[in-house]
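# Reading the structure
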Amino acid sequence: MNPADPTKATGMARILKGLLPLLFLLIVVVISYVVTQYRSVPIQVSSETTYLTEPLDEDGLPNYVQHLHNQLMKGVTPENNGAVPFWQAAGSQAIPPEKQVWYFAQLGMPVPPPRDPKFDVYEAAAEEIRANGSPSGDAYDIAAGVITRPWRRGELPRLAKWMEDRSEEFSLLEQATTRNRFACPSPEASGECSVVELTWPHLIVMRGMHRNLSARAMLRMGEGDMDGAWRDCQMMFRLANHIESQSLIDWLMKVAAYGQALTTTSALVEVETNAKRVKEIEAFVAKLPPIVDARQIINDFERLMYLSAVVDLSRGRFGVGALTGRTVTVSRLVVWNQILRRGN
């Protein structure tokens, strides 16, 4: 066979060399067209994409945080909101100082003074145990071993006196359980944020209030005051029922609060010798309202959390840049409406 003609190979190379700039130009044109097209497609505010169509921010996109805040505070007044006496009992220290004025204005109340020392039975019990020169071990664990069962004044006399001195705070908690609403906003709702950034400090405080009531009920059991112990147990159930479940965190806290109330009530049933009261307790527990189905909460709140995050990413409001501290440009090639539809 004759070797290939070198002139043909050279001619082909020249043709390819001439086509390369044209091919490069064609690629640039296509990319420019695609980018331009995607840039021209803003997020469509609709039930199929953003789910919410109001309220809207200045940029015309939904404000999910404001929506949740409006839903929570709808129909709430200082007179019907159990959160008002609740915070009067707890003090203001759980709310960040820079957000306290806004937060308590939402509840229609002045900023309550901080409680010093805190209205926290575990803190008070641990302090007494440390002052007594307790045996080696965590003071909080030792305290839990005492006040989570029926106990007597002689075991922790300073703690028993501490509870007597906090009669005003316990009365305020009782007032909170008699009101038909319990709405506590998120402090982060006072400014620009996404749903995923919201916190609910009242849930942590609520947990402490349940421990306070449980410890006093256990003391009353140990001292033979079954009437008082049963009143405290009922307050625990009513306070748990007051937790308004917007998010899965609220729902889990409500389940935990009911669990603590049931545990304390079970201890009362074990030491109660009055058969009539035991039947009363059984009837009360049987009539407790059911806890909201968690599936509905996930469908509603978690959906808004996802959509809020996507919308805020499209704005470049937060995301990788917030985590790394560097300016991050959001890609214009992201098809936001498709992503919103997928999560909606």
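Please read these numbers as outputs of a predicted model, since none were measured by experiment. Residue indices follow the written sequence of each chain, beginning from 1 at its first position. The predicted origin of the model limits local features to residues at a pLDDT of at least 70 and limits the giving and counting of side-chain atom pairs to 80 or more, whereas totals for whole chains, interfaces and linings rest on all residues. Water and hydrogen atoms were dropped before computing side-chain values, which therefore reflect all heavy atoms in the structure.

Further remarks concern empty space enclosed by the protein. If a probe as big as a water molecule is rolled over the atoms, it shows which places are left empty. Put plainly, a pocket is an open set of points on a 1 Å grid over the protein atoms alone with protein on both sides within 12 Å along at least five of seven lines, a cavity is a set where a 1.4 Å probe fits but cannot get out, and a lining residue has an atom within 4 Å of a point. Grid points are joined across faces, edges and corners, and a volume is the space filled by probe spheres set on the points. All told, the structure shown has two cavities of 30 Å³ or more when counted by the stated rule. Within this model, the largest cavity holds a volume of roughly 70 Å³. As for the largest cavity, its lining consists of V65, L68, H69, L72, P185, S186, A189, L198, W200 and Q246. Of the residues assigned to the lining of the largest cavity, the class counts are seven nonpolar, three polar and no charged. In this structure, the second largest cavity spans a volume of roughly 60 Å³. Nonpolar residues are Ala, Val, Leu, Ile, Met, Phe, Trp, Tyr, Cys and Pro. Charged residues are Asp, Glu, Lys and Arg, and all others, Gly as well, are polar.

Turning to the pattern of salt bridges, a few remarks are in order. Salt bridge, as applied in this entry: a Lys or Arg side-chain nitrogen positioned within 4 Å of an Asp or Glu carboxyl oxygen. According to the stated counting rule, one finds 16 salt bridges in the structure shown. With a shortest N-O distance of 3.2 Å, D57 and R315 are connected by a salt bridge. Taken together, the positions of D57 in the loop between helix 1 (6-39) and helix 2 (64-73) and R315 in helix 13 (residues 294-315) put the pair 258 residues apart, joining distant regions of the chain. Exposure classes here rest on a 1.4 Å probe applied to the protein chains alone. A residue is buried below 20% of its type maximum, exposed above 50%, and partly exposed in between. Judged by relative accessible area, D57 falls into the partly exposed class, the value being 22%. The partner of R181 in a salt bridge is E244, and the shortest N-O contact between them spans 2.8 Å. Strands are runs of DSSP state E lasting at least two residues, helices are runs of H or I lasting at least four, and both sets are numbered from the N terminus onward.

For every element, the axis is a line fit to its C-alpha atoms; helices are fit only across the contacting stretch, and the angle between N-to-C directions ranges from 0 to 180 degrees. With their axes 11 Å apart at the nearest point, helix 3 (residues 83-90) and helix 9 (residues 201-222) run at an angle of 70 degrees to one another. Taken together, the axes of helix 3 and helix 9 lie roughly perpendicular to each other. When helix 3 is examined against helix 9, the residues F86, W87, A89 and A90 are found in contact with a partner set consisting of H202, V205, M206 and M209. Of the residues contributing to the contact of helix 3 with helix 9, the split by class is seven nonpolar, one polar and no charged. Under this scheme an angle from 65 to 115 degrees is roughly perpendicular, one under 35 degrees roughly parallel, and one over 145 degrees roughly antiparallel; angles in between are oblique. Contacts were defined at the residue level, with two residues in contact if any of their heavy atoms lie within 4.5 Å.

What follows deals with the layout of surface pockets. For the second largest pocket, the calculated volume is near 300 Å³. K118, D120, I204, V205 and G208 are the residues nearest the centre of the second largest pocket, which is lined by 14 residues in total. The element that contributes the greatest number of residues to the lining of the second largest pocket is helix 9, accounting for six residues. When grouped by side-chain class, the residues that make up the lining of the second largest pocket number seven nonpolar, three polar and four charged.

Here we take up the side chain of D120. Here D120 shows up in the loop between helix 4 (100-106) and helix 5 (121-131). Taking the relative accessible area as the measure of exposure, D120 reaches 12% and is therefore buried. With residues up to four places along the chain from it excluded, the contact list for D120 reads W162, R211 and N212.

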